[in-house]
Amino acid sequence: MTDPAPPRFKRILLKLSGEALMGDADYGIDPKVIKRLAAEIRDVAAIGVEVGVVVGGGNIFRGAGLARGGMDRVTADHMGMLATVMNALAFQDALEGLGINARVMSALRINEVCEDYIRRRAVRHLEKGRVIIFAAGTGNPFFTTDSAASLRAVEIGADLLLKATKVDGVYTADPKKDPNAKRYERLTYDRVINDKLMVMDATAIVLCRDYNVPLRIFDMNRQGDLMRIIRGDETVGTIVDNGEAA
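None of these values were measured; they are calculated from a predicted model.

So, how was this worked out
- Residue numbers run consecutively from 1 along every chain, following the written order of its sequence.
- Whole-chain, interface and lining totals are the exception, using all residues; otherwise, since this is a predicted model, local features are given only for residues with pLDDT of at least 70 and side-chain atom pairs are given and counted only at 80 or more.
- Only hydrogens and water are set aside when side-chain values are computed; all heavy atoms of the structure are taken into account.
- Any Lys or Arg side-chain nitrogen found within 4 Å of a carboxyl oxygen on Asp or Glu counts as a salt bridge.
- Counting from the N terminus, the helices are the DSSP runs of H or I reaching at least four residues and the strands are the DSSP runs of E reaching at least two.
- The rule is simple: take the accessible area with a 1.4 Å probe, protein chains only, and divide by the maximum for that residue type; under 20% is buried, over 50% is exposed, in between is partly exposed.

Trainee: Sorry, what's going on with the pattern of salt bridges here?
Mentor: Between side chains of opposite charge, a pair can form when the charged atoms approach closely. Scanning the entire structure with this criterion turns up 20 salt bridges. We note a salt bridge from Arg103 to Glu115, for which the minimum N-O separation is 3.5 Å. In this pair, Arg103 sits in strand S3 (residues 102-106) while Glu115 sits in strand S4 (residues 115-116), placing the two residues twelve residues apart along the sequence. Note on Arg103: relative accessible area 21%, which makes it partly exposed. When the shortest N-O distance is used, the salt bridge between Arg191 and Asp195 registers 3.1 Å. With relative accessibility at 26%, the residue Arg191 sits in the partly exposed group. For Asp195, a relative accessible area of 40% puts it in the partly exposed group.

What follows is the structure, given as structure tokens:
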């Protein structure tokens, strides 16, 4: 037997949607799902990879949706930020239940339940092997948690930004509706923007492009894919970077 490949990346930022935590439920957090996700992160951290996580809040509140229903957008977005804090605390608990040292750092001040986000402190936590869960988005209304993930990835100097979705990459069409849809193995950021491919919002994509942070879109429900990516398997998901498009 050959030894497993060493990790290709030293520091990663994983973006999880709030919906990913629901499992098959319509609302809230499925304990089985969050424990499985935590176990995958534990395995990656165990081989020396520094892990940051940005979690969304769509399983509880979605600010843009509330705003479309007539609520003030700033108020709605602040509610969405608080929902991400709830998810982050749940994720921290799941990680700690597996013996992983984890910290929640919030862009909004909630000192009684978690730390304030301070970049230098976050980097120090990562260097000490702690998993950091970044909560409350950017702390500003009108910005998505996708944008928060790109921003935090740039700030902490992540080697790779990973976006976990329910499909195994970016397709030419919706694979659930079009059986002939083909998965892109690699795309450039400019093509994602020009073709309006719904990978992440435009602000997030531009941040990654301008600061040369590679992005990988993959299916977090496929157990082991996160580790395969970390060990250098380029067949998993879709790679988006500033190189040549496939």
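Trainee: I would appreciate a short explanation of unusual backbone geometry in the present structure.
Mentor: One non-glycine residue, Phe142, lies in positive phi territory at about 75°. Mapped onto the elements of the fold, Phe142 is located in the loop between strand S5 (131-135) and helix H5 (145-156). You can call Phe142 exposed: its relative accessible area is 52%. Although it is not a glycine, Asn212 sits at a positive phi angle of roughly 55°. According to the relative accessible area criterion, Asn212 is exposed, its value standing at 53%.

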